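Reading the structure
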Amino acid sequence: MCHPLILGSVEPLPISKYVPDQVEDGWNIYVTSIGQAISLDARAIFSTRDLYYIYARHTGDACGFWGNYEEARDAREELAVFLERSLELVADLQLYVAETYFGKSGVIPTNLKYIGPSDIRTWLPGFLEGDFFQVIREE
């Protein structure tokens, strides 16, 4: 079972500049704004952040970033570029691999790791439920 990938930002991101609408062809990821953290799970994990769902086009969830095949590599590259551009605007981004029923599940992150865009480009094992990442700028 694959899980939603949620990005938290301390500032709203101009996602339309970096990723297309869901109906456009030629892209491998989509980022959809879900607004401020409102649900019990979102408030506990992200407090007052603006939240975004990120998913790979070919699977519709975070599973599309796994593996060493063309669609997964392309999706990871686009995710890395999106995060690099976002880090030019805000200093604090967090990624969370949520439970499928994120909202009222009472789930909390199982671990915290630091990750940069270059790590995402080589991220073959994929995202696991409960993973929580502080996204860092790289020189």
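Residues numbered from 1 in each chain as written. Predicted model: local features only at pLDDT ≥ 70, side-chain atom pairs only at ≥ 80, totals over all residues. Heavy atoms only, no water.

Tallying secondary structure elements over the chain gives four helices and six strands in all. Ordering the α and β elements of the chain from the N terminus gives β-α-β-α-β-α-β-β-α-β. Expressed as a percentage of its 139 residues, the buried residues of the chain come to 48%. (Helix = DSSP H or I, 4+ residues; strand = E, 2+ residues; numbered from the N terminus. Buried < 20%, exposed > 50% of the residue type's maximum accessible area, 1.4 Å probe, protein only.)

The next subject is the packing of aromatic side chains. Counting across every chain of the model gives two aromatic pairs. Aromatic side chains tyrosine 96 and phenylalanine 132 sit 6.3 Å apart centroid to centroid with 55° between the ring planes, which places their arrangement in the tilted category. Here tyrosine 96, found in strand β4 (residues 93-97), pairs with phenylalanine 132, found in strand β6 (residues 131-135); they are 36 residues apart in sequence, far enough to count as distant. Residue tyrosine 96 is classed as buried on the basis of its relative accessible area of 0%. (Phe/Tyr/Trp six-rings, centres within 6.5 Å; stacked < 30°, edge-to-face > 60°.)

Looking at the chain as a whole, its pLDDT mean stands at 81, while 81% of the residues score no less than 70. Confidence scores differ between elements of the chain, with helix α1 (residues 15-18) showing the lowest mean pLDDT of 68 and helix α3 (residues 70-87) the highest of 92. (pLDDT = per-residue confidence, 0-100.)

Across the sheet, which stays open at both edges, the six strands sit in the order β2-β3-β1-β4-β6-β5 with mixed pairing between neighbours. Each edge of the open sheet carries a strand with a single partner, namely β2 (29-36) and β5 (111-115). Across the sheet, the mean angle from the axis of one strand to that of its neighbour is 25°, orientation sign disregarded. As judged from the four bridges shared by β4 and β6, these two strands associate in the antiparallel manner. The residue of β6 that forms the bridge with glutamine 94 is glutamine 134. Where α3 meets the sheet, it contacts β1 (5-9), β2, β3 (50-56), β4 and β6, and its direction lies at approximately 45° from that of β2. (Pairing = 2+ DSSP bridges. Axes fitted to C-alpha atoms, helices over the stretch in contact; angles between N-to-C directions. Contact = heavy atoms within 4.5 Å.)

Counting buried residues in β3 gives six out of seven residues, a clear majority hidden from the surface. By the bridge criterion, five bridges tie β1 to β3 in an arrangement that is antiparallel. Residue pairing across strands places leucine 5 opposite isoleucine 54, the latter belonging to β3. Inspection of the sheet shows β2 paired to β3 by seven bridges, in the antiparallel sense.

This paragraph deals with the environment of phenylalanine 127. Tracing the backbone shows phenylalanine 127 in the loop between α4 (117-121) and β6. Looking at phenylalanine 127, the relative accessible area reads 3%, which means it is buried. Taking the C-alpha atoms as reference, phenylalanine 127 lies 7.4 Å from cysteine 63; in sequence the two are 64 residues apart.

What follows deals with the pattern of salt bridges. Considering all chains together, one arrives at two salt bridges under this definition. Glutamate 77 is the partner of arginine 121 in a salt bridge, and the nearest nitrogen-oxygen pair spans 2.7 Å. Of this pair, arginine 121 sits in helix α4 while glutamate 77 sits in helix α3, placing them 44 residues apart in sequence. Among the residues examined, arginine 121 registers a relative accessible area of 28% and is labelled partly exposed. For glutamate 77, a relative accessible area of 35% puts it in the partly exposed group. The salt bridge partner of glutamate 84 is arginine 121, with a shortest N-O separation of 3.0 Å. Here glutamate 84 is found in helix α3, whereas its partner arginine 121 is found in helix α4, with 37 residues between them in sequence. For glutamate 84, a relative accessible area of 30% translates into the label partly exposed. (Salt bridge = Lys/Arg side-chain N within 4 Å of Asp/Glu carboxyl O.)

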